[in-house]
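Overview (structure and organization)
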Amino acid sequence: MAPSSKADKKAAGDVAAWMFNVVTSVGIIIVNKALMANYGFFFATTLTGMHFVTTTLMTIVLRWLGYIQASHLPLADLLKFVLFANFSIVGMNISLMWNSVGFYQIAKLSMIPVSCLLEVAFDKIRYSRDTKLSIVVVLLGVAVCTVTDVSVNTKGFVAAFVAVWSTALQQYYVHYLQRKYSLSSFNLLGHTAPVQAGSLLILGPLVDYWLTNKRIDHFAFTFPSLVFIILSCTIAVGTNLSQFICIGRFTAVSFQVIGHMKTILVLILGFLFFGKEGLNIQVVVGMIIAVFGMIWYGNASSKPGGKERRSHSIKHGSDSSQLDDKV
């Protein structure tokens, strides 16, 4: 295959993976908001456990159909990943509860520099000046869009700190495990989803009761609420899978940068469906800055010397030849 054709095929795959992640992520936000606002189902951690139960069922079907092959993931690495992932889920929920919306958004934005730090420290990635500046522009634009009041308290800061670092470590670990053990997105999800499902279904009701002072066994389930729960779990299968696919194709930093486009799309969809409420000159300016930064980042990181480049200290078969293709 000609190099240009191969590059075009990879670019098309990257766009498809990103669109898959955007559609499922935005969809699950809308469904979960409706579930909480209309039916009072505020058990976010338990709901995430249900998401992973559905994802586990999907991996069982895929294994039966032959799309997931037998693979090996050491128990120690599996448990570390699940620990990071569960701390990320619980930490984000607690951070949202204990912090102002402004500080919660600032904490989420800080995941990009934290992800950069992890990749520089562990993968010896180097960033050009333009790449670094483009990341700053993206952060600035999203901050202008989303950050309003910013108030900080000690316990909220600790929750945000745990949430940010555990999320960054989880996303880094997805890419690390896929490279180290030559695991596809399906294979890795097949290993991790059952353990996350079990652990979150055990811890979820306790965490949710602590956060909301409500017990899930006292929730009055109705047919409409069950329909929304099933819909949420169904979309979550795509969300979980698309996250693994995207981090496998990109780096954790690129996934975070491109992922902020979802924030912009949610704001735009809010304007289209709910009118001009919440849309002002500050939001519009922030959108323009963020989109400019994302375009700049794409160009800067793909240029020679500006691309996120991995060292060749880790080589695992055919994977080692593909490391420099990650952007």
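About the thresholds
Residues numbered from 1 in each chain as written. Predicted model: local features only at pLDDT ≥ 70, side-chain atom pairs only at ≥ 80, totals over all residues. Heavy atoms only, no water. Salt bridge = Lys/Arg side-chain N within 4 Å of Asp/Glu carboxyl O. Helix = DSSP H or I, 4+ residues; strand = E, 2+ residues; numbered from the N terminus. Buried < 20%, exposed > 50% of the residue type's maximum accessible area, 1.4 Å probe, protein only. Patch = residues over 30% accessible without salt bridge, like charges linked within 9 Å, V, L, I, M, F, W, Y side chains within 5 Å. Areas by Shrake-Rupley, 256 points an atom, 1.4 Å probe, with all protein chains shown as cover. Expected span 1.5 Å × (residues − 1). Core = buried A, V, L, I, M, F, W, Y, C linked by side-chain atoms within 4.5 Å. Phe/Tyr/Trp six-rings, centres within 6.5 Å; stacked < 30°, edge-to-face > 60°.

Moving on to the pattern of salt bridges. For the coordinates displayed, the defined rule picks out three salt bridges. For the salt bridge of Arg 179 with Asp 123, the shortest nitrogen-to-oxygen distance reads 3.3 Å. With Arg 179 in helix 7 (residues 154-181) and Asp 123 in helix 5 (residues 111-123), this residue pair connects regions lying 56 residues apart in the sequence. On the accessibility criterion, Arg 179 (7% relative accessible area) is buried. Asp 217 is paired through a salt bridge with Arg 215; the nearest N and O atoms lie 2.7 Å apart. Take Asp 217: its relative accessible area is 52%, and that puts it in the exposed class.

Side chains of Leu 83, Phe 87, Ile 106, Val 150, Val 152, Phe 157, Val 158, Phe 161 and Val 162 sit close together on the surface and give an oily, nonpolar patch of about 790 Å² of accessible area. Relative to the helices and strands, Phe 157 is located in helix 7. Residue class for Phe 157 comes out partly exposed when judged on its relative accessible area of 46%.

What follows concerns helix 5. Its 13 residues place the ends of helix 5 17 Å apart at the C-alpha level, agreeing with the 18 Å of an ideal helix rising 1.5 Å per residue. Among the residues of helix 5, Met 111, Ile 112, Val 114, Ser 115, Cys 116, Leu 118, Glu 119 and Asp 123 are the ones counted as buried. One or two positions beyond helix 5, positive phi appears at Lys 124, with a value near 55°.

One finds Leu 73, Phe 81, Tyr 173, Val 174, Leu 177, Leu 188 and Phe 244 to be the most contacted residues of the largest nonpolar core, which totals 36 residues. Going through the elements one at a time, helix 2 (44-65), helix 3 (75-98), helix 4 (101-109), helix 5, helix 7, helix 8 (185-212) and helix 9 (223-249) are the ones with two or more residues in this core. Core analysis: the second largest hydrophobic core is formed by 20 residues, Ile 112, Val 257, Met 287 and Tyr 297 among them.

In total, this model carries 15 aromatic pairs according to the counting rule given. Seen from their ring centres, Phe 81 and Phe 244 are 6.0 Å apart, and the 75° between their planes marks the pair as edge-to-face. Of this pair, Phe 81 sits in helix 3 while Phe 244 sits in helix 9; the two residues are 163 residues apart in sequence, bridging distant segments of the chain. By the burial criterion, Phe 81 is buried, and Phe 244 matches it.

Read these as spatial facts, not as claims about activity.
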